[in-house]
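# Descriptive analysis of the structure
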Amino acid sequence: MGYVYKIHRWISTICAVFFLLLCITGLILLFRQEIFSWNQDGSGAVMSMEKEPDRSFDYRRGWSGLEAGQEAVSAAYAQQRIQAVFIQPEDGTLLFRIQDKNSQEKVRTMMRMGGRQVSFDPATGHTMEMTYGTHVKYPAISSFVHTIHVLHTRLGLEGGGVAALAFVCTLILVSLISGIILYGPFLRGSSFGEIRSFPAHRKWMDIHKMTGMLTGMWAVVLTASGILILFFAASYKDYTASVNREAQAYFAAGGTARQNLSLESAFQAVEEQFPEDFILSVQLPAGKSTMYSFYMTPASENPDTFFGQPVFVEGNAGGTADIYTRDVPWYIRASALGVDLHIHNHRTPVLKWIWAFLTVMTMVMIISAFISFWKKKLPADRGAHRPVRR
């Protein structure tokens, strides 16, 4: 137990500030959708990310509005080019990512997040810009929430932020597990929930132990799922990049006498080859490329929450579709569990408030340990331990 205590004490000292930062930023992001909705000025709309998908909406029927959506968005935003299209099953619309035709700016995007977004409703034929940060009451609030997101997902770092966060989360996990192991020996005859008032540092340590046991296992699951998400994101990014390179090499080996495919033709070819799967999105060719990038998933529940298997399509010399893909590795599918545990299991207001309560208790656990350590160093508190001579 002495070795476990040293591990817990020193690792906690190193990672506690980072853990507190992740709790504070996570608490704010827990209500990011409500913050964005409140901050809208009424002339725009907030892209839905938290609503439960409408199961009455059929994916294939939704994509039937693709051609009309292309025409409507191109007409409404004549100086923009369509980069990608995403299906939004929760409200029965298609989401178009657009960018200025003359712009070469690299915009950080991930599925339905990032860039300039325009929603198209196949039922009404209406378009509506959905970009975060536009049509807002207070731009500073949008900027603040974005900064919080960057701090939470990569510690505010551009380069190496994900690796640094993975290292910090691993330390936090070790700290939590060692603290749970120490709970029994550290009771020392006191009962659960007992807060002793003297000496001062013991009172704060009792609060630390009590809140630690209230939130310990939840924090372990949260931290472990966070590590899984980081692994998932890194491995999925590497997988999609490697499949992209393989597809380019595959199409290049077929010769240069290729014909451009229309989006409708590429879409039909993918649907025919993958009749049991859902199409999540399609990225249109850019620059000199003639290759379409589709993302598919076989998921029968919450298909919109899975990142998808990339399927690349080009027209061959005969004018028909040529397709290249590679299955998503098993370890990526397994690590996607972290996304469900960490992100997709607090969609209802009740669950959000439960998460908020547990997050606040975790913050109390961290802060009370700091206070206890500080109090123990005070002369008055140290003197409280000295035996009285008679």
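In this text, all values refer to a predicted model and were calculated from it rather than measured experimentally.

When you go through the chain residue by residue, the secondary structure sums to 12 helices and eight strands. When the 390 residues of the chain are sorted by exposure, 45% land in the buried category. A sequence separation of at least 24 residues applies to 66% of the contacts in the chain between residues at least 6 apart. Carbon and sulfur atoms make up 62% of the accessible area of the chain, which amounts to about 20,900 Å² in all.

Across the sheet, which stays open at both edges, the eight strands sit in the order β4-β3-β2-β1-β5-β6-β7-β8 with antiparallel pairing between neighbours. Where the open sheet ends on each side, the last strands, each with one partner, are β4 (127-129) and β8 (321-325). The sheet shows a mean angle of 25 degrees between the axes of neighbouring strands, taken without regard to direction. Where strand β1 (residues 80-88) and strand β5 (residues 278-283) come together, three bridges link them in antiparallel fashion. Bridging across to β5, F86 finds its partner in S281. Along the sheet, helix α4 (residues 66-76) makes contact with β1, β2 (93-100), β3 (116-120) and β4, crossing β2 at roughly 40 degrees. Sheet strands in contact with helix α8 (residues 263-273) are β5, β6 (292-297), β7 (309-315) and β8, and its direction is about 35 degrees off that of β6.

With that out of the way, let us pick up α4. Within the span of α4, buried status applies to L66, G69, Q70 and V73. Taken around the axis of α4, the buried residues stretch over an arc of 105 degrees, which confines them to a single face. Counted as exposed and oriented over 90 degrees from the buried face of α4: E71 and A75.

Bringing a nonpolar patch on the surface into the picture now. A contiguous nonpolar patch, built from V221, L228, L337 and L341 and spanning about 290 Å² of accessible area, is present on the exposed surface. Structurally, L228 is set in helix α7 (residues 200-253).

Attention shifts here to the environment of K352. Residue position: K352 is located in helix α11 (residues 349-377). Once the C-alpha coordinates of K352 and L27 are considered, the two residues, 325 residues apart in sequence, prove to be 9.5 Å apart.

This paragraph deals with the confidence of the model for the chain. Of the residues in the chain, 78% reach a pLDDT of 70 or more, and the chain-wide mean stands at 80. Segment residues 44-56: pLDDT under 50, and 49 contacts once partners within four positions in sequence are set aside and those in other chains are kept. The model gives residues 386-390 a pLDDT under 50, and that stretch makes zero contacts with residues more than four places away or in other chains.

What follows deals with the packing of aromatic side chains. Ring pairs (aromatic) are described by centroid distance and by the angle formed between their planes. Tallied over the entire structure, the rule returns 11 aromatic pairs. Judged by centre distance (5.1 Å) and plane angle (50 degrees), the rings of F31 and W353 are tilted. Of this pair, F31 sits in the loop between α1 (2-30) and α2 (32-39) while W353 sits in helix α11, placing them 322 residues apart in sequence. Overall, the relative accessible area of 59% leaves W353 in the exposed class. Through a chain of ring-to-ring contacts, three or more aromatic side chains come together here, namely W63, F267 and F294. The cationic tip of R9 hangs over the ring face of W10; the distance from NZ or CZ to the ring centre is 5.7 Å. The ring of W38 carries the charged tip of K137 above its face, separated from the ring centre by 5.0 Å.

A few words now on the pairing of β3. Within β3, four of the five residues are buried, which leaves it mostly tucked inside the rest of the structure. Judged from the five bridges that link them, β2 and β3 form a sheet pairing that is antiparallel. By the bridge assignment for β3, I98 is matched with R116. As paired elements, β3 and β4 share three bridges and run antiparallel to each other. Paired with V118 across the strands is E129, a residue of β4. Taking the residues that link successive antiparallel strands as the turn, the β3-β4 hairpin has six residues, and the phi of G125 there is positive, at about 80 degrees.

Bringing the pattern of salt bridges into the picture now. In the structure shown here, the tally under the stated rule is two salt bridges. Notably, a salt bridge pairs K352 with E34, separated by 2.9 Å at the nearest N-O pair. Residue K352 is found in helix α11, and its partner E34 is found in helix α2; the two are separated by 318 residues along the sequence. Its salt-bridge partner being E246, residue R326 comes within 3.1 Å of it at the nearest N-O pair. With R326 in the loop between β8 and α9 (330-335) and E246 in helix α7, this pair connects stretches of sequence that are 80 residues apart. Looking at R326, the relative accessible area reads 29%, which means it is partly exposed.

Calculation criteria
- Residues numbered from 1 in each chain as written.
- Predicted model: local features only at pLDDT ≥ 70, side-chain atom pairs only at ≥ 80, totals over all residues.
- Heavy atoms only, no water.
- Helix = DSSP H or I, 4+ residues; strand = E, 2+ residues; numbered from the N terminus.
- Buried < 20%, exposed > 50% of the residue type's maximum accessible area, 1.4 Å probe, protein only.
- Contact = heavy atoms within 4.5 Å.
- Areas by Shrake-Rupley, 256 points an atom, 1.4 Å probe, with all protein chains shown as cover.
- Pairing = 2+ DSSP bridges.
- Axes fitted to C-alpha atoms, helices over the stretch in contact; angles between N-to-C directions.
- Arc of directions from axis to C-beta.
- Patch = residues over 30% accessible without salt bridge, like charges linked within 9 Å, V, L, I, M, F, W, Y side chains within 5 Å.
- Salt bridge = Lys/Arg side-chain N within 4 Å of Asp/Glu carboxyl O.
- pLDDT = per-residue confidence, 0-100.
- Phe/Tyr/Trp six-rings, centres within 6.5 Å; stacked < 30°, edge-to-face > 60°.
- Lys NZ or Arg CZ within 6 Å of the ring centre and 35° of its normal.

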